[in-house]
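Tertiary structure, described
Given next are the chains, with one letter for each unit.
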Amino acid sequence: MAETGQAPARRMSWLPDRAKLHIVMNVFQFAYAGNHVILRTALNMGISKLVFPAYRNIIALAVILPFAYFLEKKNRPALTTSFLMQFFLLAFVGITANQGFYLLGLDNTSPTLASATENAVPAVTFLMAAILRIEEVEWNRRDGIAKVLGTICSVSGALIITIYKGPIIFRPNSPLNQSQPSISLGDAEGKNWTLGCIGLIGHCICWSSWIVLQAPILKKYPAQLSLSSFTCLFAVLQFLAIAGLIERNSQAWLFHSRAELFCVLYSGVVVSGIGFSIQLWAVGKAGPVFVSAYLPLQTLLVAVMASLALGEKFYLGGVIGAVLIFVGLYLVVWGKNEEGKFAARKAVIPSVGESSSLTRNEKSSIFQPLLPTSSKS
């Protein structure tokens, strides 16, 4: 997987490192933005919200498993019952509940709103880490105040989106798919907006919980790709069990069109498979703050795609909430950046050998993106 993630760098060896990172992150956000629109299209075609993630994670497991087996063959810790129970919990929180809430929210709102709400994840992660005392809040420093204000802005934005829909402020004239009346496209007219927003908030809480829970597990089980493979495996088993009990219609397990098959393959291969390696490479090179700063670009791309392809309407409450979430995101990201600078100034300058070791150890992992440095020691 590491070699896969470094492939973009080898192909663009003539570019400066910073330029490579920006190009890769733009491609990464474009792929994830497309996933929001593609998933919404799949839901509008009637694909099952339980069968779809089961197939998606089966494909993701098939992509990640070979890399995990061969690249981590020598440093993979022995499996124990305790590890398996922790992997099961991670799978339920980070994939099964996470993706379930997301699909529920997306089905009842819109791709743009779903993408905008995800920008609250850094703030929610900080809030959880502070409550669990994984991260200390420095009230007497501007970075601590910025993170608190950012969390308040993000939570306020999510609440506004949930309780206030507001009037339509933008309605596209002619979506690209208007000529296909057999598929109901658009932005969830007739659906339960409040239920959808609650689902998206649940999605953010599960995602943040996943981030927080992974940190202590990775200390004991540092094989990241193997951890991801086990998590996907348990998620597949959970989705298959839930879908087997609830989804009794045998037709729901079949692909009725090439469009449905494409949606599943795109989410499984491009987003969960290739997208994982790209993000892993970017976080390893530039850190989680750099990657988080690109989240609003994804929302902008989703807004353009959804408006053109799905004829999505934009509501006042959603726009106000999204703006507050964006402000909160950048306050939290800025606070984390200032916190890093403060820690660097405070630290004793190490020797040359210690410096190279410290640089390797401080590279952030995709599995613990917004937790403080002290939680990794």
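See the structure above.
Residues numbered from 1 in each chain as written. Predicted model: local features only at pLDDT ≥ 70, side-chain atom pairs only at ≥ 80, totals over all residues. Heavy atoms only, no water.

1. Examining a nonpolar patch on the surface
Heads up, the condition is: By definition, no residue in a patch forms a salt bridge, and every one has over 30% relative accessible area; like charges are joined within 9 Å, nonpolar side chains (Val, Leu, Ile, Met, Phe, Trp, Tyr) within 5 Å. Areas reported here follow the Shrake-Rupley algorithm with a probe of radius 1.4 Å; residue values treat only the protein chains shown as occluding. What counts as a salt bridge is simple: a side-chain nitrogen of Lys or Arg found within 4 Å of a carboxyl oxygen of Asp or Glu. Labels follow the DSSP assignment, with helices taken as runs of H or I lasting at least four residues and strands as runs of E lasting at least two, numbered in each case from the N terminus. Residue burial is assigned from relative accessible area. The probe radius is 1.4 Å, only protein chains are included, and a residue is buried under 20% of its type maximum, exposed over 50%, and partly exposed in between.
On the surface, Leu127, Ile131, Leu132, Val155 and Leu159 cluster together into a nonpolar patch covering about 460 Å² of accessible area. At the level of secondary structure, the elements contributing two or more residues to the nonpolar patch comprise helix H6 (121-131) and helix H7 (142-163). Structurally, leucine 132 is set in the loop between H6 and H7. Judged by its relative accessible area of 54%, leucine 132 falls in the exposed class.

2. Details of the side chain of glutamine 238
Where we set the bar: Whether two residues touch is decided by their heavy atoms; if any such pair falls within 4.5 Å, the residues are in contact.
Of note, glutamine 238 is situated in helix H9 (residues 224-246). Not counting residues up to four positions away in its chain, the partners in contact with glutamine 238 are Phe88, Ala91, Phe92 and Thr96.

3. Structural notes on the packing of helix H2 (residues 17-44) against helix H12 (residues 295-310)
To keep things clear, this is the line we draw: For every element, the axis is a line fit to its C-alpha atoms; helices are fit only across the contacting stretch, and the angle between N-to-C directions ranges from 0 to 180 degrees. Oblique is the label for every angle not falling under 35 degrees (roughly parallel), over 145 degrees (roughly antiparallel), or within 65 to 115 degrees (roughly perpendicular). Here a crossing is taken to be left-handed if its near helix is turned anticlockwise relative to the far helix by less than a right angle, and right-handed if that turn runs clockwise. Here the term charged refers only to Asp, Glu, Lys and Arg, the term nonpolar to Ala, Val, Leu, Ile, Met, Phe, Trp, Tyr, Cys and Pro, and the term polar to all other amino acids, Gly among them.
For the pair H2 and H12, the least separation of the axes is 8 Å and the interaxial angle reads 40°. One finds that H2 runs oblique with respect to H12. H12 is crossed by H2, and the crossing has right-handed handedness. Contacts between H2 and H12 pair Asn26, Gln29, Phe30, Tyr32, Ala33, Gly34, His36, Val37, Arg40 and Thr41 from the former with Leu295, Leu297, Gln298, Leu301, Val302, Met305, Ala306, Ala309 and Leu310 from the latter. A breakdown of the residues in the contact of H2 with H12 according to their chemical character gives 12 nonpolar, 6 polar and 1 charged.

4. With respect to the nonpolar core
For clarity, the cut-off: Buried Ala, Val, Leu, Ile, Met, Phe, Trp, Tyr and Cys residues form a nonpolar core when they are joined through side-chain atoms within 4.5 Å.
By size, the foremost hydrophobic cluster in this structure holds 27 residues, and its most contacted members are Leu39, Phe52, Tyr102, Leu106 and Leu113. Counting residues per element, this core draws most heavily on H2, which supplies 5 residues. Excluding residues within four positions of it along the chain, phenylalanine 52 makes contact with Leu39, Ala42, Ile47, Cys263, Val264 and Ser267. Grouped together as the second largest cluster of nonpolar side chains are 18 residues, Ile95, Tyr221, Phe230 and Phe234 included.

5. Quick word on the environment of leucine 79
Mapped onto the elements of the fold, leucine 79 is located in the loop between helix H3 (51-71) and helix H4 (81-108). Judged by its relative accessible area of 43%, leucine 79 falls in the partly exposed class. Along the backbone, leucine 79 and tyrosine 221 are 142 residues apart, and their C-alpha atoms lie at a distance of 9.2 Å. Excluding residues within four positions of it along the chain, leucine 79 makes contact with Leu84, Phe87, Tyr221 and Phe230.

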